[in-house]
Protein chains: 2
Amino acid sequence: MKAFVKRRFSPYNDNLMLSRSQIIVVGAGYVGLATAVYLAHKQLHVTVIEKDSNLVDLLSCGLLHFSEPILEKHLKQVVKKKYLTVQVPTKELYQHADIIFIAIDSANRSTWEMKHSAFKQIAEWVGSVPRKKRATIVLKSTNIIGFADKFAQYITNTPHGNRVSLVVAPEFLREGIAFDDTKKPWRLVIGRKAKKDATALRKLYKQIYPDKIPIIETDMKSAELIKLASNTYLANRLAFIHEIADYARIDSLDLPSIQKGIGLDPRIGTDYFETGLGFGGSCLPKDCRLMNSKERTHSFVFESARSAMTINDRLLNNLMLHIKKHIGSLHKKRIALLGVAFKAEVDDTRGSRAIDLANLMTEAGATVQCFDPMIEKGIFIQETKLQNTPTIQDATEGVSLIVIGCPHEAIKTIQPRTISKKIRTRFISDYFNCLPKAKWEKAGFTFI
Amino acid sequence: MKAFVKRRFSPYNDNLMLSRSQIIVVGAGYVGLATAVYLAHKQLHVTVIEKDSNLVDLLSCGLLHFSEPILEKHLKQVVKKKYLTVQVPTKELYQHADIIFIAIDSANRSTWEMKHSAFKQIAEWVGSVPRKKRATIVLKSTNIIGFADKFAQYITNTPHGNRVSLVVAPEFLREGIAFDDTKKPWRLVIGRKAKKDATALRKLYKQIYPDKIPIIETDMKSAELIKLASNTYLANRLAFIHEIADYARIDSLDLPSIQKGIGLDPRIGTDYFETGLGFGGSCLPKDCRLMNSKERTHSFVFESARSAMTINDRLLNNLMLHIKKHIGSLHKKRIALLGVAFKAEVDDTRGSRAIDLANLMTEAGATVQCFDPMIEKGIFIQETKLQNTPTIQDATEGVSLIVIGCPHEAIKTIQPRTISKKIRTRFISDYFNCLPKAKWEKAGFTFI
């Protein structure tokens, strides 16, 4: 019995210690929720902190505010089992927390600077109270290189900052499979100043991840760079094949053969090499911008990030020229945009290239009618004046051109007979090459 | 018996027809010889055309003028069996040839323009005679995009050009394994105007390659692009990781962890991701330049090719700053350069980055003493005033710094005791991370 008691309260028993740790996750976006739900799924008690009280209510019912079915299934379970709770932020929550995951939207998307005031607030709340047990702040948000050093300074400046450790642990999840990517990451990156700063996170990872997942432990700046550089590489890869596609289209070359011919070199490969409207979403373009943020302490210019953005920006202008070449001026023309999300099978429109293209077409005088089966009917699409039409028929009524905006499965399998009879000209721009061309051509459509 | 005779002389029996075809390969560099030796190895009679009569004599003895052991082994065999002969160019050879592989050094390396006069000459020789059987010219040389169309025009302008077909069949071999890459290519690319233009080459490929090797048949321009774009992609990949390494060095970050952290994303991977002095050699930089050659018919700028070169060029300047930061001015200092070839285990110094760095160091006032075990002792290295010293001891005498220029196996395994006792300061710059650091540090060396 004595032995049992001893074991139960031994500070060396990580499992029991950690299950009693107060874990909070700040931010209820993809990253925050995937992190929190996975921790809770591993039977740890987690509190998610979210400012929006309506969202707190929604999540507390086990419902997500975006489409991520597997994550939602697990959310329901962990909410029901009371491993996960959601609350609006209070100073007390931060003060009682031992491990604080920060997964807030960390950078301003027009200035590409970090949201310092939010981080200062967190530093103050965490560092304002004396602590028996060290607290660990884990930065999962994506930073500019060198930001963690600044944040560490904010923490040091608080009354009890010396009892708070800072760790950079970037996330690499993909939307659509956020839970699975959190459960089985390709690697875990831990950036810290002193080795001891990462003790709590290392223990936590040992508890929730199998040994075979590689852990890279390094300094904070290197960890920040790993995250941004990984996405810059991916952006570069997509920029490269889109640049080739862009040229091939302009010079009327044989793009499918070119893609295949290049990709058959196994050092290049064909995965993650599909073309469409360029790279969008809330990660790749943002991370390329952050690589060269003005706020960085070093003047080194990352050419690879810069050129990926140049290629991506130019692409949409060239696509506009391509469209105009075939259908003439867009002034007063109606155009259907089928698929608006930033990638297939998600309902997230942040950074969507389809929307960027829609905005260019609107500026050129067109009326864009969109339809996205993943997005609620009738709502206004974020950051646009466009409303999601209820049906394909509505979206295609009176149009001179159909543009594929996102290769959702439900878009790829559209039947020509569902297109409005009141269509003006049967032109399609399918830059994703996702439609069965022969079938559509048979139905009288011309691919431009 | 009748059936046998019929079969033997049937024009539909490709094997027999082709074995009687006159095949010539123009150019006795890596590509020309790898092509010719492989064809001869498949028991086809091949004549290699080479202007340099000394080289004709050397090759006719089964000896190579560069280090490529497997290719040389096969060359010996096919010369001995009389499948392969080498001759200086004559008009007659071209006039009697049915298949003409062009593997000459096709572009001027200062203007990045194609060597039109050489191609015009070939067109004239091949197209000046009437032919019973169509002749096929196969462009294996790397072209600017659109060059084949111009070359086709040169052919059309000859008296019997209508009996000559042109095919673009770019090569993708890697130096050091030129024969193996020719024997087992990852893909075969055939670019042609009309399908019939490639009939002879298609038949030849069918005879010498197994069915499982993918063939991509497309137009000539697309084939030209596949070649250049593949190398541009590879140059980009190397530029990317060198840019990260460059920054990591300047900002004193943890490069090995960064490389690993990025490469563990399987969409990125760790192959072809090693850092050193940037990308060099006679292909990647040339092909990036050709992508944006002024001679192209289209004004589209390939950003990916441009930025890869920008990163690569900047790198050497940054390495110079890095060296000066540690050893001060290079004026009147001696520096050892160990390894001069453009890549490990070859003796080719064309486009060597080690030489580029040596030239920068010389310009800065240093005396560079080089040693490359793959290169003949005492000879002057191409395009430099540098002589290959006989031993490591000679190269390191009186030096203030040892720079690793190429990670040959024989360089990686150098023993510290072989370094001259008369070394001035024990500094090493090993940008390849190829030396066993602890061992060298134990011997009193400092890595900078």
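Residues numbered from 1 in each chain as written. Chains lettered and ligands numbered in written order. Predicted model: local features only at pLDDT ≥ 70, side-chain atom pairs only at ≥ 80, totals over all residues.

Asks: Sorry if this is basic, but what is going on with the relation of the copies chain B and chain A here?
Replies: The two chain copies are related to each other by a rotation about an axis together with a translation along it. Between chain B and chain A, the superposition needs a rotation of 180 degrees and an axial shift of 0.0 Å, giving an RMSD of 0.0 Å. Here the symmetry operator amounts to a two-fold rotation axis. Every residue of chain B has its C-alpha some distance from the rotation axis, and the shortest such distance is that of S307 of chain B, at 3.2 Å. An overlap of 100% is found between the interface residues of chain B and their copies at the interface of chain A, pointing to a shared contact surface. (Least-squares fit on C-alpha atoms with pLDDT ≥ 70 in both. Contact = placed C-beta atoms within 7 Å.)

Asks: I tried to follow the interface of chain B and chain A on my own but got confused; where do I start?
Replies: Interface size is commonly expressed as the accessible surface area that is lost when the partners come together. If you look at the interface, chain B gives 46 residues, while chain A gives 46 residues. Of all the secondary structure elements, the ones that give two or more residues to the side of chain B that touches chain A are β8 (215-218), α11 (220-250), α12 (255-263) and α14 (303-327) of chain B. Among the elements that make up the side of chain B that touches chain A, the one with the highest residue count is α11 of chain B (15 residues). Its residues placed into classes, the side of chain B that touches chain A shows 25 nonpolar, 10 polar and 11 charged. (Helix = DSSP H or I, 4+ residues; strand = E, 2+ residues; numbered from the N terminus. Nonpolar A, V, L, I, M, F, W, Y, C, P; charged D, E, K, R; others polar.)

Asks: Looking at this structure, I do not really get the nonpolar core. What am I missing?
Replies: The nonpolar side chains of a soluble globular protein tend to be buried, and buried together. Ranked by size, the top nonpolar core spans 286 residues in total, and within it V37 and I100 of chain A together with V37 and I100 of chain B carry the most contacts. Not counting residues within four places of it along the chain, the set of residues in contact with V37 of chain B comprises L71, H74, L75, V78, L84 and F179 of chain B. (Core = buried A, V, L, I, M, F, W, Y, C linked by C-beta atoms within 7 Å. Buried ≥ 20, exposed ≤ 12 C-beta atoms within 10 Å, placed from the backbone.)

Asks: Please clarify how the sheet that holds strand β12 (residues 427-429) of chain A should be interpreted in this entry.
Replies: Paired through their backbone hydrogen bonds, the strands of a sheet run either parallel or antiparallel. All names here are of chain A. Taken in spatial order, the five strands of this open sheet run β10-β9-β11-β12-β13, and their pairing is parallel. Both edges of this open sheet fall to β10 (367-371) and β13 (446-447), since each of them pairs with a single strand only. Sheet topology note: the strand β9 (residues 334-338)/strand β11 (residues 401-404) ladder contains four bridges and is parallel. Paired with A336 across the strands is I402, a residue of β11. (Pairing = 2+ DSSP bridges.)

Asks: How should I be thinking about the domain arrangement of chain A in this particular structure?
Replies: Residue and element names in this part refer to chain A. The domain boundaries assigned to chain A delineate domain 1 (2-218), domain 2 (228-314) and domain 3 (328-447). On a C-alpha basis, the centres of domain 2 and domain 3 stand 24 Å from each other. Counting residues at the interface gives eight residues for domain 2 and 11 residues for domain 3. Tallied by class, residues from the side of domain 2 that touches domain 3 come to two nonpolar, six polar and no charged. (Domains from an automatic or database assignment.)

Asks: What is the right way to read helix α8 (residues 147-156) of chain A from this model?
Replies: Each α-helix winds once per 3.6 residues, and so residues spaced three or four apart point in a common direction. All names here are of chain A. Restricting attention to buried positions, one finds in α8 the residues F147, A148, F151, A152 and I155. For α8, the buried positions fall inside an angular range of 140 degrees around the axis, keeping them on one side. Buried residues along α8 sit against α7 (116-127), β5 (135-139), β6 (164-168), β7 (188-192) and α11 (220-250). (Arc of directions from axis to C-beta.)

Asks: Which parts of the structure should I look at to understand the packing of helix α13 (residues 284-291) of chain A against helix α14 (residues 303-327) of chain A?
Replies: The relative placement of two packed helices is expressed as an angle between their axes plus a distance between the axes. Residue and element names in this part refer to chain A. Closest axis-to-axis distance for the α13/α14 pair is 8 Å, and the angle between their directions is 135 degrees. The angle between the axes of α13 and α14 places the two elements in the oblique class. When you trace α13 past α14, the crossing you get is left-handed. Here P285, C288 and M291 of α13 come into contact with α14, specifically with A305, A308 and M309. (Axes fitted to C-alpha atoms, helices over the stretch in contact; angles between N-to-C directions. Parallel < 35°, antiparallel > 145°, perpendicular 65-115°, else oblique. Left-handed = near helix turned anticlockwise from the far one by under 90°.)

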